[in-house]
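# Architecture at a glance
Each chain, letter by letter, is given below.
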Amino acid sequence: MAISLLALAAFLLLGLDLEEGSVFPAAAAPEGVEITYGSVIKLMHEGTKFRLHSHEVPYGSGSGQQSVTGFPNVDDSNSYWIVRPMPDSAAKQGDVIQSGTIIRLQHMRTRRWLHSHLHASPISGNLEVSCFGGDNESDTGDFWRLEIEGSGKTWKQDQRIRLRHVDTGGYLHSHDRKYTRIAGGQQEVCGVRDKRPDNIWSAAEGVYLPISGSK
Amino acid sequence: MALPRTRLLLLVFLVSHVFAAFGGKNYYDVLQVSKGASEEQIKRAYRKLALKYHPDKNPGNEEANKRFTEINNAYEVLSDREKRSIYDRYGEEGVKQHASSGGRGGGMNIQDIFNNLFGGGMAEEEEEAIPKGDDVVVELDATLEDLYMGGSLKVWREKNVIKPAPGKRRCNCRNEVYHRQIGPGMFQQMTEQVCEQCPNVKFEREGYFITVDIEKGMQDGQELLFYEDGEPKVDGEAGDLKFRIRTAPHEHFRREGNDLHTTVTISLVQALVGFEKTIKHLDEHLVELGTKGITKPKAVRKFKGEGMPSHLSTRKGDLYVTYEVLFPKSLTEDQKTKIKAILS
């Protein structure tokens, strides 16, 4: 079946007009579908290929809030984050997101928000990134500004982006510094104020809701 | 490339192949085994899937019942050496022709196959718990229009799938107990982890569209289930993808259960002498709101059957319209005199 699909796709490339809405054999080339509010995505760190992840494990230092790490495996639903606008925004499900917009990321399983503040991260002493609040509890520490690398205007899957924390100015960052005891094998995620290659992430797997108004 | 007509024929062939693969569904995909799977592997896959989708375990679930039929059809062919080799070479069509031209006597029917493998009836749970991957839950805001008329959304699902990789890996590990003799008549019980060797696997990203159908009258909190579209699980089955429906806020109408609420504003004159007014409903049909009589401020009128459809029956809820009356800000002395004369 895969072969027939591949042949069909090849045929499409040869310029024959066909109905869309069928299965595509592999993810689209460089950049994929647009990301809209309400979509549930995994964020992959470009440098290490680990995914932004959280779980009901508190930090043993700093704020003691729920920890956020880089996770090596691809099959864990604790790596899913819901893309949300700022509270009381007119934006709704299905709206695309422009570079420079302030967004929030809600952890799918625990309903807490990707959060940062002036606490030290446990391994490298940078800014601590935690998971805090809930469906009805959110503050400005949950605000992250989307910065698209390159010339793109709206956020797309597989596109290189940075997330800059509004309150502290720190970029969402990860590196090859791993936890040894609890969360063994997972690596540290923190906020770093300088722009560096290790601040680059991209939206990978997920459930991407269509742009509203299109069906 | 070749002549346009040959091209067209090739296209038709490919498309029908794709459709055959989809519409009739490839039997190997239905049983989730590779083309070269052994008979034992096919039997085990059938057991696992038939148990999961059996109608007794999924009462009223149309999707599960449909799959159960597909699984049985697939097994009927793939479990029979002759039918399987015909299917491998000529597809479903080949098998159908072989059967109609009096292939092998009648073949077994679904009940027989099932009973043969499970010894009649499904009394209790099967032993091994099959490990299941993580579920993914997505909250979906549905517009009032979609919930009134029905609608669908095309969602792009990108996830990892398990693909074969070169080499071997350990799998189906379990702790085995054995006895070792440490002296005459003396034995010691030991446990040892024993694994089998399986073909190696790896994860690969794949994306595809899923059509999410919003049915008329769905309630908040209702879930739409997509079997095994969640997270993958090696040596197990993938988790599910669920969409949880939520009614999106609407500019004019407010939903409460199966009823709709809205507010309209009329002038004082209209309130006193009557008026004609229509509003556009969610499917653009007009509802007559007028009256010949007097309308009190904040009066509520019920319009039966103009609410939301009920999910599973043909009944409909009601529309409640609240009339707000606009009073003039001030009146001239002359107006006051005239009004007093009319209304006393």
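What you see is a predicted model; the values in this text were computed from it and never measured. (Residues numbered from 1 in each chain as written. Chains lettered and ligands numbered in written order. Predicted model: local features only at pLDDT ≥ 70, side-chain atom pairs only at ≥ 80, totals over all residues. Heavy atoms only, no water.)

Time to look at the state of the cysteines. Residue and element names in this part refer to chain B. The final tally for this structure, using the stated rule, is two disulfides over all chains. With a sulfur-sulfur separation of 1.7 Å, Cys171 is cross-linked through a disulfide to Cys198. Between Cys171 and Cys198, the S-S torsion sits near 70°, and that sign places the bridge as right-handed. Pair noted here: Cys171 is in strand S2 (residues 151-183) and Cys198 is in strand S3 (residues 186-214), with a separation of 27 residues, a long-range link. Like Cys171, the residue Cys198 is buried in the burial classification. Cys173 shares a disulfide with Cys195; S-S distance 2.1 Å. Because the sign of the S-S torsion sets the handedness, a value of about 110° for the bond joining Cys173 and Cys195 places this disulfide among the right-handed ones. Residue Cys173 is located in strand S2, and its partner Cys195 is located in strand S3; the two are separated by 22 residues in the primary sequence. (Disulfide = S-S within 2.5 Å. Helix = DSSP H or I, 4+ residues; strand = E, 2+ residues; numbered from the N terminus. Buried < 20%, exposed > 50% of the residue type's maximum accessible area, 1.4 Å probe, protein only.)

Moving on, we come to the side chain of Ser310 of chain B. Residues and elements named next belong to chain B. As for its position among the elements, Ser310 is in the loop between strand S10 (299-303) and strand S11 (319-326). Using a relative accessible area of 16% as the deciding quantity, one classes Ser310 as buried. In this structure, Ser310 is in contact with Lys216, Gly217, Asn258 and Arg315, ignoring residues within four places of it in sequence. (Contact = heavy atoms within 4.5 Å.)

So, about the nonpolar core. Of all hydrophobic cores here, the largest spans 41 residues; its most connected members are Val138, Val212, Leu241, Phe243, Leu289 and Tyr323 of chain B. Elements with a minimum of two residues in this core: strand S1 (136-142), helix H7 (144-149), S2, S3, strand S4 (223-226), strand S5 (241-247), strand S7 (259-267) and S11 of chain B. Two domains each provide a minimum of three residues to this core, namely domain 2 (136-247) and domain 3 (253-326) of chain B. For Leu241 of chain B, the residues in contact, after removing those within four places along its chain, are Val207 of chain A together with Val136, Val138, Arg157, Ile210, Leu224, Leu225, Phe226, Asp229 and Gly230 of chain B. Within the second largest apolar cluster, 29 residues are counted, among which are Leu52, Tyr59, Leu114 and Val189 of chain A. (Core = buried A, V, L, I, M, F, W, Y, C linked by side-chain atoms within 4.5 Å. Domains from an automatic or database assignment.)

Quick look at the confidence of the model for chain A now. Averaged over chain A, the pLDDT score is 88; the fraction of residues at 70 or greater is 84%. pLDDT under 50 marks residues 15-30 of chain A. Its contacts with residues more than four places away, or in other chains, come to 20 contacts. (pLDDT = per-residue confidence, 0-100.)

All names here are of chain B. The strand order across the open sheet built from three strands is S1-S5-S4, with neighbouring strands paired in mixed fashion. Only two strands of the sheet have a single neighbouring strand rather than two, namely S1 and S4. Taken pair by pair, the neighbouring strands of this sheet meet at an average axis angle of 25°, ignoring direction. One ladder, built from seven bridges, connects S1 with S5; its direction is parallel. The partner of Asp141 across the bridge, within S5, is Arg246. (Pairing = 2+ DSSP bridges. Axes fitted to C-alpha atoms, helices over the stretch in contact; angles between N-to-C directions.)

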